[in-house]
Amino acid sequence: MEQSVIVTGASGNLGAGVVKKLKAAGYRVLGTVGSPGSAEALQKEGVEATPLDLSDEEAVRRYIDDKTDSVFAAVLTVGGFAAGGFCETDGAALRRMYQLNFETSYFLVRALLPTFEKKGGGQFILVGSRPALEAEEGKDLIAYAFSKRLVFYLAELINVYGKGKNISASVIVPSTIDTPANRQAIPHADFSKWVTPEAIADTICFLLSDSGRQIREGVVKLYNEA
Ligand SMILES: NC(=O)c1ccc[n+]([C@@H]2O[C@H](COP(=O)([O-])OP(=O)(O)OC[C@H]3O[C@@H](n4cnc5c(N)ncnc54)[C@H](OP(=O)(O)O)[C@@H]3O)[C@@H](O)[C@H]2O)c1
């Protein structure tokens, strides 16, 4: 049976690179995106893409219920960024980042775990960020850092739950990803110091390989020279 991987955020800067690499490696990729327009654009390129609001728990459950048992892994790239220290970060700002960075991962993990248990295993690849690990980096990005910190703890909890069940989670930690949006936002930076979506996608391919699958509790820091 063809092995299927769910990639959330398949139209994103990172997600698109991951989809390309996984398809080239022979996997069937089931992409989810936030909007119908993104789904149509991907479908034109031959990618199976479904618009799915991952902050809608019930919609996520319905999407996963439709999936066959061929899904062996999920790469959860959906997430976003917000700047702001304590003074700028009110409850609404916290909740926005919580929803976008944590709930979008949590709902999919929760929906997919029973499938993985039934079929005897499965793998989650989550995307964290450096400000969630280093307070110096996070002090002016409070909501972003808190919400991504929860992603690391989600991976820890999956690994405890999944021990002995062949279910595991790893976290990819990029520094600044070399994307058109980042180049526009920080035009004078040395882009060669950033990490490319291709390098992250290669790492994810390795994590999903027979060797990579043996890694438990992986936290992979792709900082390059940034
Ligand atoms: N960019 C960086 O420098 C950087 C650094 C460290 C960590 N990260 C993390 O890396 C990941 C990927 O970043 P990126 O820059 O590639 O992101 P991006 O280009 O903004 O892509 C975001 C993707 O998520 C989808 N999406 C947004 N909200 C959604 C929702 N509620 N439900 C379902 N899908 C939704 C978007 O779909 P549509 O296209 O349909 O809107 C798009 O496919 C994120 O978790 C981010 O926090 C990024």
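Residues numbered from 1 in each chain as written. Predicted model: local features only at pLDDT ≥ 70, side-chain atom pairs only at ≥ 80, totals over all residues.

S.K.: Is there a simple way to think about the site of the ligand in this case?
M.R.: Residues in close proximity to the ligand total 28 residues, the closest being Gly9, Gly12, Gly34, Ser38 and Gly79. In terms of residue count, helix H1 (residues 13–24) provides more of the shell around the ligand than any other element does, three residues in total. Across the shell around the ligand, the residue classes break down as 10 nonpolar, 17 polar and one charged. (Near = placed C-beta within 6 Å. Helix = DSSP H or I, 4+ residues; strand = E, 2+ residues; numbered from the N terminus. Nonpolar A, V, L, I, M, F, W, Y, C, P; charged D, E, K, R; others polar.)

S.K.: Sorry, what's going on with helix H6 (residues 142–162) here?
M.R.: Counting along an α-helix, one turn takes 3.6 residues, and residues three or four places apart therefore face a common direction. The end-to-end C-alpha distance of H6, which contains 21 residues, comes to 30 Å, matching closely the 30 Å that a straight helix rising 1.5 Å per residue would cover. The complete set of buried residues in H6 reads Ile142, Ala143, Tyr144, Ala145, Ser147, Lys148, Val151, Leu154, Ala155, Ile158 and Gly162. Of the surrounding elements, those touching the buried residues of H6 are helix H4 (91–119), strand S5 (122–127), helix H5 (135–138) and strand S6 (167–174). Where H6 terminates, the next one or two residues include Gly164, which has phi positive at roughly 85 degrees. (Expected span 1.5 Å × (residues − 1). Buried ≥ 20, exposed ≤ 12 C-beta atoms within 10 Å, placed from the backbone. Contact = placed C-beta atoms within 7 Å.)

S.K.: Help me understand the packing of helix H3 (residues 57–65) against H4, please; the structure alone is not making it clear to me.
M.R.: Two quantities define a packed helix pair, namely the angle between the axes and the distance from one axis to the other. The geometry of H3 relative to H4 is characterised by a closest axis approach of 9 Å and an angle of 30 degrees between their N-to-C directions. When the axis of H3 is compared with that of H4, the two are roughly parallel. Crossing of H3 over H4 shows right-handed handedness. Contacts between H3 and H4 involve Glu57, Val60, Arg61 and Ile64 from the first element and Phe107, Leu108, Ala111, Leu112 and Thr115 from the second. The residue inventory of the contact of H3 with H4, partitioned by class, reads six nonpolar, one polar and two charged. (Axes fitted to C-alpha atoms, helices over the stretch in contact; angles between N-to-C directions. Parallel < 35°, antiparallel > 145°, perpendicular 65-115°, else oblique. Left-handed = near helix turned anticlockwise from the far one by under 90°.)

S.K.: Help me understand unusual backbone geometry in this model?
M.R.: Note: most residues except glycine have negative phi, and most peptide bonds are trans. A positive phi angle, close to 65 degrees, is found at Asn166, a residue other than glycine. Here Asn166 shows up in the loop between H6 and S6. At Glu217, a position not held by glycine, the phi torsion is positive, near 60 degrees. Classification of Glu217 as partly exposed rests on a count of 14 C-beta atoms within 10 Å.

S.K.: In this structure, what is going on with the pairing of strand S1 (residues 4–8)? I would like to understand it.
M.R.: It is a general feature of regular strands that their side chains alternate between the two faces of the sheet. Across the five residues that make up S1, a large majority, four, are buried. With respect to chirality, the unit in which S1 leads through H1 into the neighbouring parallel strand S2 (residues 28–33) is right-handed. (Right-handed = clockwise from strand over helix to strand, strands pointing away.)

S.K.: Just to check I follow, could you spell out the packing of H1 against helix H8 (residues 197–208) for this structure?
M.R.: Taken N-terminus to C-terminus, the directions of H1 and H8 make an angle of 50 degrees; their axes are 8 Å apart at the nearest point. Taken together, H1 and H8 sit at an angle that is classed as oblique. In this structure, H1 meets H8 at a crossing whose hand is right-handed. Across the interface between the two elements, Asn13, Leu14, Gly17, Val18, Lys21 and Leu22 of H1 pack against Pro197, Glu198, Ile200, Ala201, Asp202, Ile204 and Cys205 of H8. Among the residues making up the contact of H1 with H8, the classes are represented as eight nonpolar, two polar and three charged.

S.K.: Help me understand H3, please; the structure alone is not making it clear to me.
M.R.: Restricting attention to buried positions, one finds in H3 the residues Val60, Tyr63 and Ile64. Viewed end-on, H3 has its buried residues packed into an arc of 95 degrees, placing them on one side of the element. The exposed set on the far side of H3, more than 90 degrees from its buried face, consists of Glu58, Arg62 and Asp65. Where H3 is buried, its residues contact strand S3 (48–51) and H4. (Arc of directions from axis to C-beta.)

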